[in-house]
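A structural walkthrough
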Amino acid sequence: VPHEWCYPIAGCVSYRGYFDEKDARAEASSLSAAGNDVYLGGVPAYSTLGWFDDPVLSSFVRYPETEFVRLIFHELAHQLIYVKGDTVFNESYATALSDEGLARWIATQPPDVKARLDAERARSARLRGEFQRLIVEARSRLSAVYASDASPAAKSQQKDAVFAAMRAQYESAKHGEPGLAGFDRWFAGYDNHGPNNASLAAIALYTERVPAFRGLIAEVHGDLPAFYARVRQLAALDKAARDAALDALAKLPSARTGDTA
């Protein structure tokens, strides 16, 4: 369960950002000392939720074109719709919309450029898809461990075994797809201690509800104004009702197709 920090304007958020790495490390040390799993990593961009012009930073201006465009659409999505206290909703919505925006942007390019960008997008999606598969499988196994009646010591051993298996699968997958090495830093984890609950949660925040938003885009036949209207309707619901609606959308046949974060 991700730790939350609450703020006057943004509401409660399941991550915390710092401009000074020393401050971030001090907070990470404090959380770790309290017995929490911790994930600490850099981010290339951030959104001010429309309150200010979002900065264009040196951390992402040299990204490959498709990744640059995905990131821009993702951050712009936050300016349009944001729900206080529901990080998974906000990030999954922005991820699904950035995938849709990227596909539409590529479709507007000249044929030769479009072919190159389509290939770039497909390769990136394939790598992210394999990474995401490992994450989903590990989270599923860990959920079963934590829900079991085993002792805390046994659960801790089983947890270590799940993470060891995930890392072994990753190393094996890299032999067939060297491009996966781009995820080495994530697998190194906080201070090279490897992945943990916090790093899995950090990925889930951005991906868990993506199938539901894909299903919603398909349900409105790609009409983005209608999509935004539906997202605002979901945003107005209480969290229990919103989650139930998203669960239903995720079951639509079209919800599992497309790009992955």
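This one's a predicted model, so the numbers in the text were calculated from it and none came from an experiment.

**Notes on the environment of Phe89**
Structurally, the position occupied by Phe89 is in helix 3 (residues 87-107). Taking the C-alpha atoms as reference points, Phe89 and Leu205, 116 residues apart in sequence, are found 8.0 Å from one another. Apart from residues lying up to four places away in sequence, Phe89 is in contact with Val83, Phe213, Val231, Leu234, Ala235, Arg242 and Leu246.

**A look at the state of the cysteines**
Chemically, a disulfide is nothing more than a covalent bond linking the sulfur atoms of two cysteines. For the coordinates displayed, the defined rule picks out 1 disulfide. Residue pairing for Cys6: its cysteine sulfur links by disulfide to Cys12, the two sulfurs lying 1.9 Å apart. Here Cys6 and Cys12 share a disulfide; its torsion about the S-S bond, 100 degrees, makes the bridge right-handed.

**A short note on the nonpolar core**
Judged by nonpolar contacts, the single largest core of 22 residues is most densely connected at Tyr93, Phe213, Phe227 and Val231. For this core, the elements supplying multiple residues, two or more each, are helix 3, helix 8 (210-219), helix 9 (224-236) and helix 10 (239-250). Excluding anything up to four places from it in sequence, Phe213 contacts Phe89, Ser92, Tyr93, Ala96, Phe227, Val231 and Leu246. Counting residues in hydrophobic clusters, the runner-up holds 18 residues, among them Leu134, Met166, Trp186 and Ile203.

**Points about the pattern of salt bridges**
Under the criterion given, the structure shown has 21 salt bridges. Among the ionic pairs, Lys159 bridges to Asp37, the shortest N-O distance being 2.9 Å. Taken together, the residues Lys159 in helix 5 (residues 152-176) and Asp37 in the loop between helix 1 (21-33) and helix 2 (65-80) connect sequence positions 122 residues apart. The closest approach of N and O atoms between Glu177 and Arg126, which form a salt bridge, is 3.4 Å. Linking Glu177 in the loop between helix 5 and helix 6 (184-188) with Arg126 in helix 4 (residues 111-147), this pair joins segments that are 51 residues apart in sequence. Overlapping salt bridges, with partners in common, bring together Glu67, Arg70, Asp99, Arg128 and Arg214 in one network.

**Some details on the packing of aromatic side chains**
Taken as a whole, this structure holds 12 aromatic pairs when the rule is applied. Pairing Phe131 with Phe183 gives two aromatic rings, centres 4.2 Å apart and planes at 5 degrees, and the pair type is stacked. On the criterion of sequence distance, the pair formed by Phe131 in helix 4 and Phe183 in the loop between helix 5 and helix 6 is long-range, its members being 52 residues apart. When the centroid spacing of 5.8 Å and the interplanar angle of 55 degrees are considered together, the rings of Phe227 and Tyr228 count as tilted.

**Re the packing of helix 4 against helix 5**
Contact geometry of helix 4 with helix 5 gives a least axis separation of 10 Å together with a crossing angle of 165 degrees. Judged by the angle between their axes, helix 4 and helix 5 are roughly antiparallel. In the crossing of helix 4 with helix 5, the sense of the turn from one axis to the other is right-handed. The segment helix 4 lies against helix 5, with Glu130, Leu134, Ile135, Glu137, Ala138, Arg141, Leu142, Val145 and Tyr146 engaging Lys155, Gln158, Lys159, Val162, Phe163, Ala165, Met166, Gln169, Tyr170 and Ala173.

About the criteria used
Residues numbered from 1 in each chain as written. Predicted model: local features only at pLDDT ≥ 70, side-chain atom pairs only at ≥ 80, totals over all residues. Heavy atoms only, no water. Helix = DSSP H or I, 4+ residues; strand = E, 2+ residues; numbered from the N terminus. Contact = heavy atoms within 4.5 Å. Disulfide = S-S within 2.5 Å. Core = buried A, V, L, I, M, F, W, Y, C linked by side-chain atoms within 4.5 Å. Buried < 20%, exposed > 50% of the residue type's maximum accessible area, 1.4 Å probe, protein only. Salt bridge = Lys/Arg side-chain N within 4 Å of Asp/Glu carboxyl O. Phe/Tyr/Trp six-rings, centres within 6.5 Å; stacked < 30°, edge-to-face > 60°. Axes fitted to C-alpha atoms, helices over the stretch in contact; angles between N-to-C directions. Parallel < 35°, antiparallel > 145°, perpendicular 65-115°, else oblique. Left-handed = near helix turned anticlockwise from the far one by under 90°.

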